[in-house]
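Commentary on secondary and tertiary structure
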Amino acid sequence: VKVSQKSVRLVAGKSFTLVAKGFTTTGQSAKATFKSNKTSVASVSASGKIKAKKTGKATITIKAAGKSTKVTGNVVGKASTAKVTKVTAKAPKTLAVGARGVVTGTYAPARATGVKVTYATTAASILTVDKAGVITAKAPGTATITVKAGKKTAKVKVTVTAS
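In what follows, the accompanying structure is described. The structure displayed is predicted, hence computed values, not measured ones.

1. Some points on the sheet that holds strand 18 (residues 141-149)
Think of a sheet as strands paired side by side through backbone hydrogen bonds, with each pair either parallel or antiparallel. Strand order in the open sheet formed by 4 strands is 12-19-18-15, with mixed pairing between adjacent strands. Looking along the sheet, the strands with just one partner apiece sit at the ends: strand 12 (94-96) and strand 15 (117-121). Across the sheet, the mean angle separating the axes of adjacent strands is 30 degrees when strand polarity is ignored. Two strands pair when backbone bridges link them, and strand 18 and strand 19 (residues 152-161) are joined in this way by 9 bridges, in the antiparallel orientation. Paired with Thr144 across the two strands is Lys157, which belongs to strand 19.

This is the structure:
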């Protein structure tokens, strides 16, 4: 199971939508389900929309194809003035045509509120990257994936080889 980010900091009363992807052992897409361990702090819909209700911490568990991952939700009373100062990106250096991989983007400081992590590629004909950071290798070549959080970005190159 791959999610767009592993943590989110929200102001009470606000919402944020997580993007999640699950895959079976054969590589087929699998439907993700979402569950909050503290619905009084943060609830989550079937589509991954988190609603921050009151100050506290909640863990959102995402399950798909028999696997799971967790996202930490921190709900605060008011927005932090902290802005994203750094973004990092990790991805496999090489993938074979037809293979899938994952790019992971993180940002600092973690106390920045309501920050969404997004992914983009410079060459969709070589590889694609979806909203959850799942990379699909399409054709031989090299592409750059850009990870953005707030107004900061990080880039990582991925080379696709013939299978």
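That shown, we press on.
2. Quick notes on the pairing of strand 4 (residues 20-23)
Covered by surrounding structure in strand 4 are Ala20 and Gly22 only, the residues Lys21 and Phe23 on the alternate face being uncovered. The pairing of strand 4 with strand 5 (residues 29-30) spans 2 bridges and is classified as antiparallel. Paired with Phe23 across the two strands is Ser29, which belongs to strand 5. The hairpin turn running from strand 4 into strand 5, its antiparallel successor, is 5 residues long, and Gly27 in that turn takes a positive phi close to 90 degrees.

Calculation criteria
Residues numbered from 1 in each chain as written. Predicted model: local features only at pLDDT ≥ 70, side-chain atom pairs only at ≥ 80, totals over all residues. Heavy atoms only, no water. Pairing = 2+ DSSP bridges. Helix = DSSP H or I, 4+ residues; strand = E, 2+ residues; numbered from the N terminus. Axes fitted to C-alpha atoms, helices over the stretch in contact; angles between N-to-C directions. Buried < 20%, exposed > 50% of the residue type's maximum accessible area, 1.4 Å probe, protein only.

Read these as layout, nothing more, since geometry by itself doesn't imply function.
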